[in-house]
Amino acid sequence: VQDLTNCAYRLVFSGYPEEAFKIYSRMSSNKPVDDPNFYSGHFLINALVKKDIPIETVVSIVERMDESLEKIAFNALLLNKPAYAMKAFEAMKEKNLPVRTHFYYRVFTALKENGTTQDILDAFGHMNKTAGEATDMIELLYQYVYPALKAKEASLEENLNHLKNL
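Thresholds, definitions, all that
Residues numbered from 1 in each chain as written. Predicted model: local features only at pLDDT ≥ 70, side-chain atom pairs only at ≥ 80, totals over all residues. Heavy atoms only, no water. Axes fitted to C-alpha atoms, helices over the stretch in contact; angles between N-to-C directions. Helix = DSSP H or I, 4+ residues; strand = E, 2+ residues; numbered from the N terminus. Parallel < 35°, antiparallel > 145°, perpendicular 65-115°, else oblique. Left-handed = near helix turned anticlockwise from the far one by under 90°. Contact = heavy atoms within 4.5 Å. Nonpolar A, V, L, I, M, F, W, Y, C, P; charged D, E, K, R; others polar. Buried < 20%, exposed > 50% of the residue type's maximum accessible area, 1.4 Å probe, protein only.

Draft legend 1. View of the packing of helix α6 (residues 82-94) against helix α8 (residues 117-130). At their nearest, the axes of α6 and α8 sit 10 Å apart, and the two run at 15 degrees to each other. Accordingly, the angle class assigned to the pair α6 and α8 is roughly parallel. Every pair of crossing elements has a handedness; the one defined by α6 and α8 is left-handed. Residue-level inspection shows M86, F89, E90 and K93 of α6 in contact with α8, the latter providing A123, H126, K129 and T130. Partitioning the contact of α6 with α8 into residue classes produces three nonpolar, two polar and three charged.

Structure below.
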């Protein structure tokens, strides 16, 4: 199994995600019956996200794997790729899957460290489009959005003006 996993990794990083999926499919078709410890497709999803394979391709592969699209976003956030995670949220919304505001907590945390003020504001707007109205808006603003904006060294007045304009 490890040799096949390594081969799938090499294929993804050489630009052959579909071929890597074929290897994964062969691995999973030989799955021992009733073995809950069988290697899942997490390694493949992680490699696809790490390599920045186009989201449409990743969604197609993940659906054929019978895995949740949330795993794309989860891996993107683990790899500190908030923009990729937001693409996954869009794909989830297009498939009528729920996108919750708390999915964005890690997006704002990542942008606090590595994003710009505009990135944070764009993520907030994106969240409003994909997740709809937040029932946890005060907590979201207080614990995630405002600290991310504050880290960008803008004044309180500037941050409040940014938020008012959203």
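Draft legend 2. Geometry of unusual backbone geometry. A positive phi angle, near 60 degrees, is found at D52, a position not held by glycine. When you line up the elements, D52 lands in the loop between α3 (42-50) and α4 (55-64). The backbone phi angle of N96 is positive, close to 60 degrees, even though this residue is not glycine. By the secondary structure assignment, N96 is in the loop between α6 and α7 (105-114). N96 sits in the exposed class, given a relative accessible area of 71%.

Draft legend 3. Representation of the packing of helix α1 (residues 2-13) against α3. With their axes 9 Å apart at the nearest point, α1 and α3 run at an angle of 20 degrees to one another. What the angle tells us is that α1 and α3 run roughly parallel. Crossing hand, α1 versus α3: right-handed. Contact residues: T5, A8, Y9, V12 and F13 in α1; F43, L44, A47, L48 and K50 in α3. Tallied by class, the residues present in the contact of α1 with α3 amount to eight nonpolar, one polar and one charged.

Draft legend 4. Representation of α3. Within α3, seven of the nine residues are buried, which leaves the element mostly enclosed by the surrounding structure. All of the buried residues along α3 are F43, L44, I45, N46, A47, L48 and V49. Positioned one or two residues after α3, D52 has a phi angle of 60 degrees, which is positive.

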